[in-house]
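Single-letter residue listing:
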Amino acid sequence: MPLKKNPKKSRSDAPIGRKEMMEKGESAWKEAHETQTSAWPYCDDPTFGFFPLSLNSSNFDIQRAYDLPVNERYSFIDCVHKLWVYNSDKPHSPTSLTAPRTEIRILGYDYTSGVWQFEAYGYVPNGTTGVCIMQVFGGGYGHATTLMLSVYDGALTYYRSIVVVADDIYDRWFRLNVIHDVGKRKVTVYVDGELKLEMADHGGARII
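Below or above, wherever it landed, is the structure these notes cover. On a predicted model such as this, the values are computed, not experimentally measured, just so you know.

Core analysis: the biggest nonpolar cluster contains 28 residues, and Leu147, Leu176 and Val189 have the highest contact counts within it. For this core, the elements supplying multiple residues, two or more each, are β7 (115-123), β8 (131-137), β9 (145-152), β10 (155-158), β11 (164-166), β12 (173-181) and β13 (186-191). Beyond its immediate stretch of four places on either side in the chain, Leu147 contacts Met134, Gln135, Val136, Tyr158, Tyr159, Val178, Val187 and Val189.

Below, the discussion takes up the pairing of β13. Regular strands show a simple pattern: their side chains alternate between the two faces of the sheet. Taken across its six residues, β13 has five buried, putting it largely inside the fold. In the sheet, β12 pairs with β13 via six bridges, with the strands oriented antiparallel. Residue pairing for β13: Asp181 is matched across the bridge by Lys186. Between β12 and β13, which pair antiparallel one after the other, the connecting turn spans four residues, and Arg185 there sits at a positive phi close to 55 degrees. When β13 meets strand β14 (residues 194-200), the two strands line up antiparallel, connected through six bridges. Note that in β14 the partner of Lys186 across the bridge is Ala200. Linkage of β13 to β14, two consecutive antiparallel strands, is achieved through a turn of two residues, within which Asp192 is found at a positive phi near 55 degrees.

So, how was this worked out
Residues numbered from 1 in each chain as written. Predicted model: local features only at pLDDT ≥ 70, side-chain atom pairs only at ≥ 80, totals over all residues. Heavy atoms only, no water. Core = buried A, V, L, I, M, F, W, Y, C linked by side-chain atoms within 4.5 Å. Buried < 20%, exposed > 50% of the residue type's maximum accessible area, 1.4 Å probe, protein only. Helix = DSSP H or I, 4+ residues; strand = E, 2+ residues; numbered from the N terminus. Contact = heavy atoms within 4.5 Å. Pairing = 2+ DSSP bridges.

So far we have only geometry, and geometry alone does not tell us how the molecule works.
Right, dumping it as structure tokens:
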């Protein structure tokens, strides 16, 4: 789910204290988030200060091998999106030179400014390797993306580098939160609520 930071707006289920603090503006939000005082029990939540944006099927572009119907690489059952891909698959279009993919391209929330967050729960079966499970598309300075999180041999990594974001990612549900502060050119990654990575972005347009 995409979320956008707006300290002047709170979710309807926010406790009164949280709502009042958010209405004081961004400086108050930053102070509360950084100090994590005992009077503010929500500061460890990476979604604090953000509000959720709605998603429905119209926001999902299911990209898969161009010669296959959607249901041969994607399903949505019991509120779980399941995607699978094989290294023998064709690319997502006849003219593409990219590797095989099955992915959900989120429509309607492209951005070039502000502070945005992506939140989801993921599950990677044992044996899956060499795949990107989340990316922020669009970059500058010779980069096609702002961020890619991949799985290699059970580890969640930053691109294909030796930077390991999380170990032992196989066969378990995990919570993933990615925050992109465009103005500061900063990308922050949380896994299961724990800060795992802070990196500079690559500039350019942003598409989740």
